[in-house]
Amino acid sequence: MKMTQMEKKQLMIFVLVAYGLTYVLGLAMWAFYGTGADLSVFPNAQMMYPAAGVMLAYLITKKEDKKLPRALFVFFVLFTAVMAVCALLSVFMPKTMKSGETEVSAWLMGVQVLIILGSIVFWIFLLTAGKEKRAAYGLRGKNWKASFLCILLFFALYTVRMGIASAAGGQLADFGKIWADPITWTYLFSLFINFFLAAAAFFGEEYGWRYYLQPIMQRRFGLRGGVLLLGVVWGLWHLPIDFFYYTTPDMGLIACVSQQITCIFIGIFLAYVYMKTENIWVPVAVHFLNNNLIPMFAGDYSAEVLQGQAIHWGELVPALILNLVIFGWFLFLKPFRENGTK
């Protein structure tokens, strides 16, 4: 199916925002990495770009549509712009503050508060937009029973994956200790509340990838091929933070390959649950869990748990096999065998 001129314009705007902002600010990350600057604000801002790209595209090309949730979209685009500016200011005008006995970036602390406030305002605009507008632009939740089961399924599969990885590394006893620790259960309970306070960031990715780009890729490359290619382009979108945040530049290439494995196979599951439930809030919740279960299983609840990781080539084949076993089989389930896309 050929794209209309409007759809092509929408796609161009999406790419310019989602990838253009990411790579332009990635140059700033590269330029300031050697100075020892704290780059932790950049990943927080980057999560907003995909949804902002979709919303800006709709605001420009569908401004006459009465069902457009204009206030919500304008707010989100402006909120994203503020986040991007904060990322740049964090390296051009660095400032630290005391957190306990350590020095942390004042910009990071400020941005975390900004995400909480922005998420609260986001919910207000979303709920006041009305059911008709939410339904017209893929924002309305539905199929809640199936949605809840999909979220529970991800939690179970994630736990199994971590258990297998722990057993393979001879750390099964440590894995068991996680579940015996009261902090684990307190943390899991807190995730429910934290989801609503950080939802804007995770929505920022999933509204771009799953709601907008996934159907386009599937119409062009097929239900399965489109999702696999979406995993690749989603992985490439992480390029700057793979080199300058998750790892160090000398491990950047390894991190990029590792990111491809993660994005392709997690992407299969995210695509599956979105196609099954037609509820964008399911991939948003799954993405939130995927990121926020890491500190629990790592036993490190600090803000730096994702930063400066050491990744080695020898770890990639086991990771590929494990993700294939845990998530790859979803590609052969019913939603991927049906004709057409939602």
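Refer to the structure above for everything that follows.
Read on for a plain summary of the structure.

Parameters and conventions
- Residues numbered from 1 in each chain as written.
- Predicted model: local features only at pLDDT ≥ 70, side-chain atom pairs only at ≥ 80, totals over all residues.
- Heavy atoms only, no water.
- Axes fitted to C-alpha atoms, helices over the stretch in contact; angles between N-to-C directions.
- Helix = DSSP H or I, 4+ residues; strand = E, 2+ residues; numbered from the N terminus.
- Parallel < 35°, antiparallel > 145°, perpendicular 65-115°, else oblique.
- Contact = heavy atoms within 4.5 Å.
- Nonpolar A, V, L, I, M, F, W, Y, C, P; charged D, E, K, R; others polar.
- Patch = residues over 30% accessible without salt bridge, like charges linked within 9 Å, V, L, I, M, F, W, Y side chains within 5 Å.
- Areas by Shrake-Rupley, 256 points an atom, 1.4 Å probe, with all protein chains shown as cover.
- Salt bridge = Lys/Arg side-chain N within 4 Å of Asp/Glu carboxyl O.
- Expected span 1.5 Å × (residues − 1).
- Bend = angle between axes of the 7 residues up to and from the residue.
- Buried < 20%, exposed > 50% of the residue type's maximum accessible area, 1.4 Å probe, protein only.
- Core = buried A, V, L, I, M, F, W, Y, C linked by side-chain atoms within 4.5 Å.
- 1 Å grid on protein atoms, 1.4 Å probe; cavity = no way out; pocket = protein on both sides within 12 Å on 5 of 7 lines; lining within 4 Å.
- Points joined across faces, edges and corners; volume = space filled by probe spheres on them.
- Phe/Tyr/Trp six-rings, centres within 6.5 Å; stacked < 30°, edge-to-face > 60°.
- Lys, Arg positive; Asp, Glu negative; His and termini not counted.
- Charge placed at Lys NZ, Arg CZ, Asp CG, Glu CD.

A short note on the packing of helix 4 (residues 70–92) against helix 5 (residues 106–128)
Think of two packed helices as two axes; the pair is described by the angle between the axes and how far apart they sit.
Next, step 1: With their axes 10 Å apart at the nearest point, helix 4 and helix 5 run at an angle of 175° to one another. What the angle tells us is that helix 4 and helix 5 run roughly antiparallel. Only Trp 107, Val 111, Leu 114, Ile 115, Gly 118, Val 121, Phe 122, Phe 125 and Leu 126 of helix 5 make contact with helix 4, whose side of the interface consists of Ala 71, Leu 72, Phe 75, Phe 76, Phe 79, Val 82, Met 83, Cys 86, Leu 89 and Ser 90.
Next, step 2: Here the contact of helix 4 with helix 5 is composed, by residue class, of 17 nonpolar, two polar and no charged.

Some words on a nonpolar patch on the surface
Next, step 1: On the surface, a nonpolar cluster with roughly 420 Å² of combined accessible area is contributed by Val 113, Ile 116, Leu 117, Ile 120 and Ile 124.
Next, step 2: In this structure, Ile 116 sits in helix 5.

Topic: helix 1 (residues 5–33)
Next, step 1: When the terminal C-alpha atoms of helix 1 are compared, their 41 Å separation across 29 residues agrees well with the 42 Å that a helix rising 1.5 Å per residue should span.
Next, step 2: Of all the bends found along helix 1, the most pronounced is centred on Gly 20 and spans about 30°.
Next, step 3: Those residues of helix 1 lying buried are Gln 10, Ile 13, Phe 14, Val 17, Ala 18, Tyr 19, Thr 22, Leu 25, Gly 26, Ala 28, Met 29 and Phe 32.
Next, step 4: For helix 1, the elements touching its buried residues are helix 2 (41–46), helix 3 (49–61), helix 4, helix 9 (182–221), helix 10 (223–237) and helix 11 (239–246).

Here we look at the nonpolar core
Next, step 1: By size, the foremost hydrophobic cluster in this structure holds 109 residues, and its most contacted members are Tyr 58, Phe 73, Phe 76, Phe 122, Phe 203 and Tyr 207.
Next, step 2: Looking at this core, the element that brings in the most residues is helix 9, giving 17 residues.
Next, step 3: If we ignore the near neighbours within four places in the chain, the residues touching Phe 76 are Met 48, Ala 51, Ala 52, Met 55, Phe 122, Ala 200, Phe 203 and Gly 204.

A look at the pattern of salt bridges
Next, step 1: Overall, the coordinates contain three salt bridges when judged by the stated rule.
Next, step 2: Here Glu 278 ties to Lys 142 by a salt bridge, and the two come within 3.7 Å at their closest N and O atoms. With a gap of 136 residues between them, Glu 278 in the loop between helix 12 (252–277) and helix 13 (281–292) and Lys 142 in the loop between helix 6 (131–136) and helix 7 (144–168) connect regions that are remote in the sequence.
Next, step 3: The partly exposed category is assigned to Glu 278, whose relative accessible area is 28%.
Next, step 4: Judged by its relative accessible area of 37%, Lys 142 is partly exposed.
Next, step 5: For Arg 210, the salt bridge is made with Glu 206, and the minimal N-O distance between the two is 2.7 Å. With a gap of four residues between them, Arg 210 and Glu 206 both fall in helix 9, about one helical turn apart.

What to know about the layout of surface pockets
Next, step 1: Its volume calculated, the second largest pocket comes out at about 700 Å³.
Next, step 2: Counting residues per element, the ones that place at least two in the lining of the second largest pocket are helix 5, helix 6, helix 7, helix 9 and helix 13.
Next, step 3: Of the residues contributing to the lining of the second largest pocket, the split by class is 19 nonpolar, one polar and three charged.

A few points about the packing of aromatic side chains
Next, step 1: Using the criterion set out here, one finds 44 aromatic pairs in the structure.
Next, step 2: Their ring planes at 75° and their centres at 5.8 Å tell us that Phe 76 and Phe 203 sit as a pair that is edge-to-face. Taken as a pair, Phe 76 in helix 4 and Phe 203 in helix 9 lie far apart in primary sequence, 127 residues in all. When sorted by exposure, Phe 76 lands in the same class as Phe 203, which is buried.
Next, step 3: Between Phe 155 and Trp 179, the ring centres sit 6.4 Å apart and the planes meet at 85°, which makes this aromatic pair edge-to-face.

A look at the environment of Phe 202
Next, step 1: The residue Phe 202 is located in helix 9 in this model.
Next, step 2: Along the primary structure Phe 202 and Asn 291 are separated by 89 residues, whereas in three dimensions their C-alpha atoms are 9.5 Å apart.
Next, step 3: With near-sequence residues (within four places) excluded, Phe 202 lies in contact with Met 47, Val 284, His 287, Phe 288, Asn 291 and Asn 292.

Focus: a positive patch on the surface
Next, step 1: Together, Arg 224, Lys 276, Lys 334 and Arg 337 line one region of the surface with positive charge.
Next, step 2: Within the element layout of this structure, Arg 224 appears in helix 10.

Digging into unusual backbone geometry
Next, step 1: We note that Asn 143 has phi near 50°; this positive angle belongs to a residue other than glycine.
Next, step 2: Here Asn 143 shows up in the loop between helix 6 and helix 7.

Looking at the side chain of Arg 161
Next, step 1: Mapped onto the elements, Arg 161 comes out in helix 7.
Next, step 2: Here Arg 161 is buried and forms no salt bridge, its nearest opposite-charge partner Glu 315 lying at an N-O distance of 13 Å.

Description of the packing of helix 5 against helix 9
Next, step 1: In the contact formed by helix 5 and helix 9, the axes pass within 7 Å of each other and the chain directions differ by 85°. In terms of their interaxial angle, helix 5 and helix 9 are classed as roughly perpendicular. Contacts between helix 5 and helix 9 involve Ile 115, Ile 116, Ser 119, Ile 120, Phe 122 and Trp 123 from the former and Phe 195, Phe 196, Leu 197, Ala 198, Ala 199, Ala 200 and Phe 203 from the latter.
Next, step 2: Class assignment of the residues belonging to the contact of helix 5 with helix 9 gives a composition of 12 nonpolar, one polar and no charged.

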